[in-house]
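Architecture and fold: a report
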Amino acid sequence: MSITIKIKKGLDVKLAGKAELVKEDAQVSSTFAVKPSDFPGLTPKLSVKADDIVKAGTPLFFDKNNPEIKFTSPVSGKVKAINRGERRRILEVVVEADGKNTSESFPVVDSKSLERDAVKETLLNSGLWPFIVRRPFGVVAFPDETPRDIFISGFDSAPLAPDYDFIFSEEKDAFQKGIDAVSSLTDGKVFLGVKQGSILSGISGVETVSVSGPHPAGNVGIQIHNVKPINKGDIVWTLSAQAVIFIGKLFETGSLDLSKTIAVTGSEVKAPKYYKTTLGAEISSIIGGKTNEAVKERIISGNVLTGSQVDADNFLGFYDNQITVIPEGDEVENFGWVLPGVKKFSPNKTFLSNLFPKKEYVLNANYHGGERAFVVSEQYDKVLPMDILPVVLLKAVLTNDFDKMEQLGLYEVIEEDLALCEYVCTSKIEVQEIVRSGINTMLKELA
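In this report, we go over the structure that sits alongside the text.

Looking only at helices and strands, one finds 10 helices and 20 strands in the chain. Relative to its length of 447 residues, the chain is compact, with a C-alpha radius of gyration of 21 Å against a globular reference of 22 Å. By principal-axis analysis of the C-alpha atoms, the chain measures approximately 65 × 50 × 50 Å. Expressed as a percentage of contacts within the chain between residues at least 6 apart in sequence, the contacts between residues at least 24 apart total 69%. Carbon and sulfur atoms provide 48% of the accessible area of the chain, an area that totals close to 20,300 Å².

Set out below in structure tokens:
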């Protein structure tokens, strides 16, 4: 059975620098890291110390509030450093790879025959459990809960997003095995969102959701809202398509294999394409020597709407399948507002560039102004395909009104769902930051 959804509201930000459908091996990274900051709400406690020898799948740290949730090393080697920030907060655990990629041993079984408790135990012990994200709140799922349903998005619609059909063209069997294992975790259904004609359309054991329309059509939160919205008391789990493949490989081989193909994109990349690397690899091993270096560059682990700004000596984010490099844009532009804007992209009919709907643009990270009064308008509603009032919801968060946050739909959203609202905002409001602060408030109230 298949469900069809047509998303009408949204916006495709047309950036230059889309990855060519060519795949290469990235330079082998000498160090890898897992960063607690990638996991909202996490209070990490170390399982290792500097110079400890680890394998792929050896726990590096765990969640203080849920000790069974482990975060493991992506490679074998030696713990090189435990970097800390203010108040000794753990920023990252860095592992120096030994090049052997030896893994801890996990059960090799038919994923179809596994029962729920066995699947949970293996995912928790291997460190793959953190790929399961809980809605509401967008935090790592709690193992003692049973979700109403599980949702997986089989495509990404963000700016310059990787083509999953290209990435996973040789991984369909692993994906199916992952689905077989994941299906045991819920008494409800597993929904898989796909684009028309996707190679994932024929996967069994799922309810296929055919999705069309502009970004954020690929966001799993948008798919949940349009298929089976989250009501108070509902719990839904989500996974990325890449996570499903990791799980499938784990149950097939008994070893943790976190190798992945990512897209290196953006106008400042000389030849945007796909590179095979491993989760947590050093950014420089992937993009070193591959950017123009003609202007000051901003490197983003992820996409331009929701990704994190990083330096070349930082590490690939836990959930990221893309690196984007764009101009920083810190130069002053005099009288920019009076120019015709042929080279500028706008969601409104402000510039002459709207006469060329297929044109791709070189955009930078410049805000072009500062934060202003937060006024009610329809600009958010045009890009958010959800039946909520985003401005009113954000104001409820800013006034710390718990009851209104609950009534206005904060259970249904996380940062990425309102990222386009932040992009189009003429008031320069930090929408995603406000959403997360509201979620943190709700978590404290419900604790």
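Moving on, we come to the pattern of salt bridges. Applying the stated rule across the entire model yields 15 salt bridges. With its nearest N and O atoms 2.5 Å apart, the salt bridge here joins Asp187 to Arg116. Here the residue Asp187 occupies a position in the loop between α3 (172–182) and β13 (190–194), and Arg116 occupies one in helix α1 (residues 116–126), the gap between them amounting to 71 residues. Since its relative accessible area comes to 65%, Asp187 is described here as exposed. A salt bridge links Glu406 to Lys232; the shortest N-O distance between them is 3.5 Å.

Another point: the sheet that holds strand β19 (residues 308–310). Ordered in space as β2-β17-β16-β20-β18-β19, the six strands form an open sheet in which the pairing is mixed. What marks the edges here is a single partner per strand, and that holds for β2 (23–25) and β19. Neighbour-to-neighbour, the strand axes of the sheet open up by a mean angle of 35°, direction not taken into account. By the bridge criterion, five bridges tie strand β18 (residues 297–301) to strand β20 (residues 322–327) in an arrangement that is antiparallel. If you follow Arg298 over to β20, its bridge partner there is Ile326.

Moving on to the pairing of β20. Across the six residues that make up β20, a large majority, six, are buried. Of the pairings in the sheet, the one linking strand β16 (residues 259–265) to β20 comprises three bridges and is parallel in character. By the bridge assignment, Ala263 is partnered in β20 with Gln322.

To continue, consider the environment of Ser255. Turning to its location among the elements, Ser255 is positioned in the loop between α5 (241–253) and β16. Residue classification places Ser255 among the partly exposed positions, given a relative accessible area of 31%. Here the alpha-carbon distance between Ser255 and Lys14, two residues 241 residues apart in the chain, equals 40 Å. Ser255 has contacts with Ser103, Glu104, Lys249 and Leu250, leaving out every residue within four places of it along the chain.

Moving on, we come to unusual backbone geometry. With omega at 0°, the peptide bond leading from Arg135 into Pro136 counts as cis. As for its placement among the helices and strands, Pro136 is situated in the loop between β10 (133–135) and β11 (139–140). For Glu293, which is not glycine, the phi dihedral falls at a positive 60°. With respect to the helices, strands and loops of the structure, Glu293 is situated in the loop between α6 (283–287) and β18.

Once that is clear, we can look at the sheet that holds strand β5 (residues 53–54). Across a sheet, strands are paired by hydrogen bonds formed along the backbone, either parallel or antiparallel in direction. An order of β3-β9-β8-β5 is seen for the four strands of this open sheet, with the pairing classed as antiparallel. On the outer flanks of this sheet lie β3 (31–34) and β5, each paired with one strand and no other.

Further remarks concern the packing of aromatic side chains. By the definition in use, this model includes 14 aromatic pairs. When the ring of Phe131 is compared with that of Phe318, the centres are 4.4 Å apart and the planes differ by 25°; the resulting orientation is stacked. In this pair, Phe131 sits in the loop between α1 and β10 while Phe318 sits in the loop between β19 and β20, placing the two residues 187 residues apart along the sequence. There is no split in this pair, since Phe131 and Phe318 are both buried. Cluster of aromatic residues (ring-pair linked, three or more members): Phe39, Phe61, Phe71, Phe131, Phe246, Phe318 and Tyr319. Here the guanidinium or amino end of Lys359 rests over the ring plane of Tyr361, the centre of that ring lying 5.6 Å away.

As a general feature of sheets, a regular strand has side chains that alternate between the two faces. Note that β5 and strand β8 (residues 77–84) share two bridges and pair antiparallel. Within β8, the residue paired with Ile53 across the bridge is Lys78. In this sheet, strand β9 (residues 90–97) lies alongside β8 in antiparallel orientation, the contact comprising seven bridges. The residue bridging Gly77 from the neighbouring strand is Ala97, located in β9. Connecting β8 to the antiparallel partner β9 that follows it, the hairpin turn spans five residues, and Arg87 within it adopts a positive phi of roughly 55°.

Inside soluble globular proteins, nonpolar side chains tend to come together where they are buried. By size, the foremost hydrophobic cluster in this structure holds 76 residues, and its most contacted members are Leu123, Leu128, Trp129, Phe175, Leu239, Ile286 and Ile323. Ranked by residues supplied to this core, first place goes to α5 with eight residues. Ignoring anything within four residues of it in the chain, the contact list for Trp129 reads Ile69, Lys120, Leu123, Leu124, Val140, Ala141, Phe142, Pro143 and Trp237. With 53 residues, the next largest nonpolar core counts Leu305, Phe402, Cys421 and Val424 among its residues.

Rules and cut-offs
Residues numbered from 1 in each chain as written. Predicted model: local features only at pLDDT ≥ 70, side-chain atom pairs only at ≥ 80, totals over all residues. Heavy atoms only, no water. Helix = DSSP H or I, 4+ residues; strand = E, 2+ residues; numbered from the N terminus. Rg over C-alpha atoms; globule rule 2.2 N^0.38 Å. Contact = heavy atoms within 4.5 Å. Areas by Shrake-Rupley, 256 points an atom, 1.4 Å probe, with all protein chains shown as cover. Salt bridge = Lys/Arg side-chain N within 4 Å of Asp/Glu carboxyl O. Buried < 20%, exposed > 50% of the residue type's maximum accessible area, 1.4 Å probe, protein only. Pairing = 2+ DSSP bridges. Axes fitted to C-alpha atoms, helices over the stretch in contact; angles between N-to-C directions. Phe/Tyr/Trp six-rings, centres within 6.5 Å; stacked < 30°, edge-to-face > 60°. Lys NZ or Arg CZ within 6 Å of the ring centre and 35° of its normal. Core = buried A, V, L, I, M, F, W, Y, C linked by side-chain atoms within 4.5 Å.

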